[in-house]
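# Chain and residue survey
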Amino acid sequence: MLHFHWRWIQDYSGGQLTDWAGHHIDIAHWGLGFDQAAPISIEGKGVYPTEGIYNVPVEYVMEAEYENGLKMTIANARYFKDKRKHGLWPKIGAVRYGMGPVWYGEKGWIQVNRSGLWASNPELLKIPEKDLKIKIYHSTDHWQNFLDCIKTREKTIAPAEVAHNSISVALIGEIAMLTGEKLKWDSKNELFTNSEYANRLLSRPFRAPWEMPKI
Amino acid sequence: MGNAKDLIINYKLLPMKRIFHLIVIALLSLSVLSGCQNKKLKALIVTGQNNHNWEDSHVILKKILENSDAFTVETSISPAKGEDMSSFAPDFLAFDVVVLDYNGDEWPENTKKNFEVYVKNGGGVVVYHASDNSFPEWKEYNEMIGLGGWYGRDEKSGPFIYYNNHNELIRDNSEGKAGSHGPQHEFVIELREPEHPIVKGLPKRWLHSQDELYSNLRGPAKNMTILATSYADPKQKGTGRHEPILMTINYGKGRIFHTVIGHVGGEKVHYATQDAGFILTLQRGAEWAATGEVKQQLPADLPNIGSAFLLPNYKFYTLDELFNKAKSFEYGKAQKYLYLISNRIREADGDPKKLSGYENRILSTLQSDDATNECKNYLCRELSWMGSEKSLSVLNELLKNPETSDMAQFAITRLQ
């Protein structure tokens, strides 16, 4: 219980969603060049258990919209399997390979997760790095990368601000699932612009005498 | 109604008397109309012998049907196994739906014929759990139930019917005995016909309580629709197939609803029949069998994939009941009623009117002497995001009690 299962209790965690969203949304953003970009709106629905003590959603789906019109759907894998079964995931391919981001573009789709890399057309994966239009940050070891950057003063591959931006999508999604509304998000001021209910859920009041330190 | 209108038009009495008569006729029409709307369907449970615990199950089935407010229920208990069955002749035709909780000795020929006539002419039937083990030799019965198991059924009884892992419906004529199940376990029920009136509005998948997952059923399966299946996991000694769990069969003008779940045996708590999905589909399936339609409204709390939802009183909860039961919450006891309340609040989708209603009930609970501090603390948490100004005075009162002051302050800080 202590090491692992605390995460199924809303007081401590958002469950599987926030467990994995940090990883997958982070990569999704990286692929989109969205390290600093955040959604402008988000809505979602979750299924919450009622027996026992675990009370985080076991199934969930949320839709985030970004300023450039991009729509990101974040859901547990079963959601996409079901959509494919009922023919509701036409034209734009299907999620076949477990977790991970799937980018859909004009030429097809690409998916990646810890097990591998797939594409609608394998030729897409064969483009040599020198022919790509963007420069890829190379790091195969987070610890080494951190130590190197102490010396070089370069940014690490996953700086704190970027990580914050990635997990924030899951956290505002979690709030959207709790209030059931379609929320409009002002990422600059980190506030919802259309729901007092949602704004209240952005933080938890500290029990006196504890308070958030001012940095 | 047409006759009443004629009476009014042709009356040549003085105005006062005419008005009196108009009022009387109107009242009579109203009472006839409301009588029609309140008339319940008549259900008959047939039981008395079973390889399961029929003494408990038929009582449970009666409770479940009565709790739907759609049925009056009578029970016909057969003679015991081995005794003289010749007088066993329930009056099927007097009922709208016959619920079978019977497997045992053969019925007398006349009774069987009467049952066939009843169903052929539009009677409704619910085949419950082990009732699909009954009468392997009675051809018409096996056509009615669609699929059956055990008691000598094999490839001569008809094909295995199941869905494979590619969502294809398979009719499998290979040899093999009919009927098996692994050890009892919780399993996911998945809808195949989500638009069918019996299951419309239910989640596409939900977790069913611990129960027997009937597999390898065989039968003629004519005019049969599978409403829902369950994957029989080989890890639970299952077949690896998606086995039929809920089915409908048309036989003549009759409608049959077949549910394989709801095992009742020697266990202390009959969890399988307490399962909300079992209860809901039985209530709705019985109405469909009786009339071909389902007019019952769905309850506010539905079965879900997160946990097997049990209803120990075989009845869905009203919001009042949830708040009442939540009052006694202590750490270590089930948070169920509070979680169900939170679910309902989430379903309000941020509608201020609906949330205001929940807020009022929460405030009422916070002010009551018989609600535990743990209950109040949980509700303060909920109130902290969906409450309004009107909560502040009640929350300020809770500051005075050291057991609730932390959560009251939590809510006050968020609401200001």
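Basis of the calculations
Residues numbered from 1 in each chain as written. Chains lettered and ligands numbered in written order. Predicted model: local features only at pLDDT ≥ 70, side-chain atom pairs only at ≥ 80, totals over all residues. Heavy atoms only, no water. Helix = DSSP H or I, 4+ residues; strand = E, 2+ residues; numbered from the N terminus. Buried < 20%, exposed > 50% of the residue type's maximum accessible area, 1.4 Å probe, protein only. Contact = heavy atoms within 4.5 Å. Areas by Shrake-Rupley, 256 points an atom, 1.4 Å probe, with all protein chains shown as cover. Lys, Arg positive; Asp, Glu negative; His and termini not counted. Charge placed at Lys NZ, Arg CZ, Asp CG, Glu CD. Rg over C-alpha atoms; globule rule 2.2 N^0.38 Å. Polar contact = N/O pair within 3.5 Å; in protein donor to acceptor, adjacent residues only side chain to side chain. Pairing = 2+ DSSP bridges. Axes fitted to C-alpha atoms, helices over the stretch in contact; angles between N-to-C directions. Salt bridge = Lys/Arg side-chain N within 4 Å of Asp/Glu carboxyl O. Buried area = accessible area lost by both parts, 1.4 Å probe. Nonpolar A, V, L, I, M, F, W, Y, C, P; charged D, E, K, R; others polar. Expected span 1.5 Å × (residues − 1). Right-handed = clockwise from strand over helix to strand, strands pointing away. pLDDT = per-residue confidence, 0-100.

## Some details on the overall build of chain B
Counting secondary structure elements, chain B contains 13 helices and 11 strands. Taking the principal axes of the C-alpha coordinates as reference, chain B spans close to 80 × 75 × 45 Å. Here chain B holds 416 residues, and the buried ones make up 56% of them. Here the contacts in chain B between residues at least 6 apart in sequence split such that 66% fall between residues at least 24 apart. Total accessible area on chain B stands at roughly 19,000 Å², and carbon and sulfur atoms take up 51% of it. Averaging the coordinates of the 47 positive side-chain charges in chain B and doing the same for the 52 negative ones gives two points 6 Å apart.

## Structural notes on the overall build of chain A
Each helix and strand counted, chain A has five helices and eight strands in total. Listing each helix as α and each strand as β along chain A from the N terminus yields α-β-β-β-α-β-β-β-α-α-β-β-α. Relative to the globule expectation of 17 Å for 215 residues, the C-alpha radius of gyration of chain A, 19 Å, shows essentially globular dimensions. Overall, the C-alpha framework of chain A stretches about 55 × 55 × 40 Å when taken along its three principal axes.

## Focus on the side chain of S134 of chain B
All names here are of chain B. Looking at the element boundaries, S134 is found in the loop between β4 (124-128) and α5 (139-145). Here S131 takes part through its backbone oxygen, which lies 3.1 Å from a polar atom of the side chain of S134. Ignoring anything within four residues of it in the chain, the contact list for S134 reads Y102, N103, Y141 and R153.

## Side note on the sheet that holds strand β4 (residues 102-105) of chain A
Residue and element names in this part refer to chain A. Judged by pairing direction, the sheet is antiparallel, and its three strands sit side by side in the order β4-β5-β6 without closing on themselves. Only two strands of the sheet have a single partner each, and these edge strands are β4 and β6 (116-119). Strand-to-strand twist across the sheet, computed as the mean angle between neighbouring axes with direction ignored, equals 10 degrees.

## Some points on the pattern of salt bridges
Across all of its chains, the model carries 25 salt bridges over all chains by this definition. The salt bridge involving E51 of chain A is made with K336 of chain B; its shortest N-O contact spans 3.0 Å. Taken together, the residues E51 of chain A in the loop between β1 (41-47) and β2 (59-65) and K336 of chain B in helix α9 (residues 336-347) connect one chain to another. Assessed through its relative accessible area of 21%, E51 of chain A is described here as partly exposed. Between E59 of chain A and R205 of chain B there is a salt bridge whose closest N-O contact spans 2.9 Å. A residue pair is termed interchain when its members come from two chains, as with E59 of chain A in strand β2 and R205 of chain B in strand β8 (residues 205-211). Look at R205 of chain B and you get buried, because its relative accessible area is 14%. Sharing partners across several salt bridges, the network here consists of K139, E140, E143 and K222 of chain B.

## Section: the interface of chain A and chain B
Counting residues at the interface gives 30 residues for chain A, matched by 30 residues for chain B. Interface of chain A and chain B: buried area, both sides summed, is about 2,700 Å²; carbon and sulfur atoms make up 52% of it. Where chain A packs against chain B, one counts four salt bridges. The salt bridge involving R381 of chain B is made with D11 of chain A; its shortest N-O contact spans 3.1 Å. At the junction of chain A and chain B, the tally comes to 14 residue pairs in polar contact (both at pLDDT 80 or more). Counting only elements with at least two residues in the side of chain A that touches chain B, the list comes to β1, α2 (77-85), α4 (160-179) and α5 (196-200) of chain A. Split by residue class, the side of chain A that touches chain B holds 11 nonpolar, eight polar and 11 charged.

## Re the sheet that holds strand β8 (residues 191-192) of chain A
All names here are of chain A. Overall, antiparallel pairing links the five strands, which are arranged β3-β2-β1-β7-β8 in an open sheet. Pairing within the sheet leaves two strands with one partner each, and these edge strands are β3 (71-75) and β8. Strand direction decides the pairing type here: β2 and β3, joined by five bridges, are antiparallel. Its bridge partner being in β3, E65 is matched across the sheet by K71. Relative to β3, helix α1 (residues 16-32) is tilted by about 155 degrees, and along the sheet it contacts β2 and β3. Seen against the sheet, α4 touches β1, β2, β3, β7 (183-186) and β8 and runs at an angle of roughly 65 degrees to β1.

## Brief notes about helix α11 (residues 373-386) of chain B
Residues and elements named next belong to chain B. Helix length check: α11 (14 residues) gives 20 Å between terminal C-alpha atoms against 20 Å at 1.5 Å per residue, within 8%. Most of α11 is tucked away, with 11 of its 14 residues classed as buried. For α11, the full list of buried residues reads C375, K376, N377, Y378, L379, C380, E382, L383, S384, W385 and M386.

## Regarding the pairing of strand β2 (residues 71-77) of chain B
All names here are of chain B. As judged from the seven bridges shared by strand β1 (residues 41-47) and β2, these two strands associate in the parallel manner. For A43, the partnering residue across the bridge sits in β2 and is V73. Read from β1 through helix α3 (residues 54-67) to β2, the crossover connection turns out right-handed.

## Observations regarding the confidence of the model for chain B
Residues and elements named next belong to chain B. Across chain B, the average pLDDT comes to 92, with 91% of residues at 70 or higher. Predicted confidence is poor over residues 1-11, with pLDDT under 50, and the contacts of this stretch with residues over four places away or in other chains come to nine contacts. Within the model, pLDDT remains below 50 along residues 29-36, and this stretch shows two contacts once partners closer than five positions in the same chain are excluded. Complex prediction metrics read pTM 0.87 and ipTM 0.88.

## Quick look at the pairing of strand β10 (residues 242-251) of chain B
Residue and element names in this part refer to chain B. The buried fraction of β10 amounts to nine of the 10 residues, a majority that puts the element mostly inside the structure. Examined bridge by bridge, strand β9 (residues 224-231) and β10 share seven bridges and lie antiparallel to one another. Looking across to β10, one finds that M224 is bridged to I249. One ladder, built from six bridges, connects β10 with strand β11 (residues 254-259); its direction is antiparallel. Opposite N250, over in β11, you have R255 as the bridge partner. Counted between consecutive antiparallel strands, the loop separating β10 from β11 contains two residues, among which G252 sits at a positive phi close to 60 degrees.

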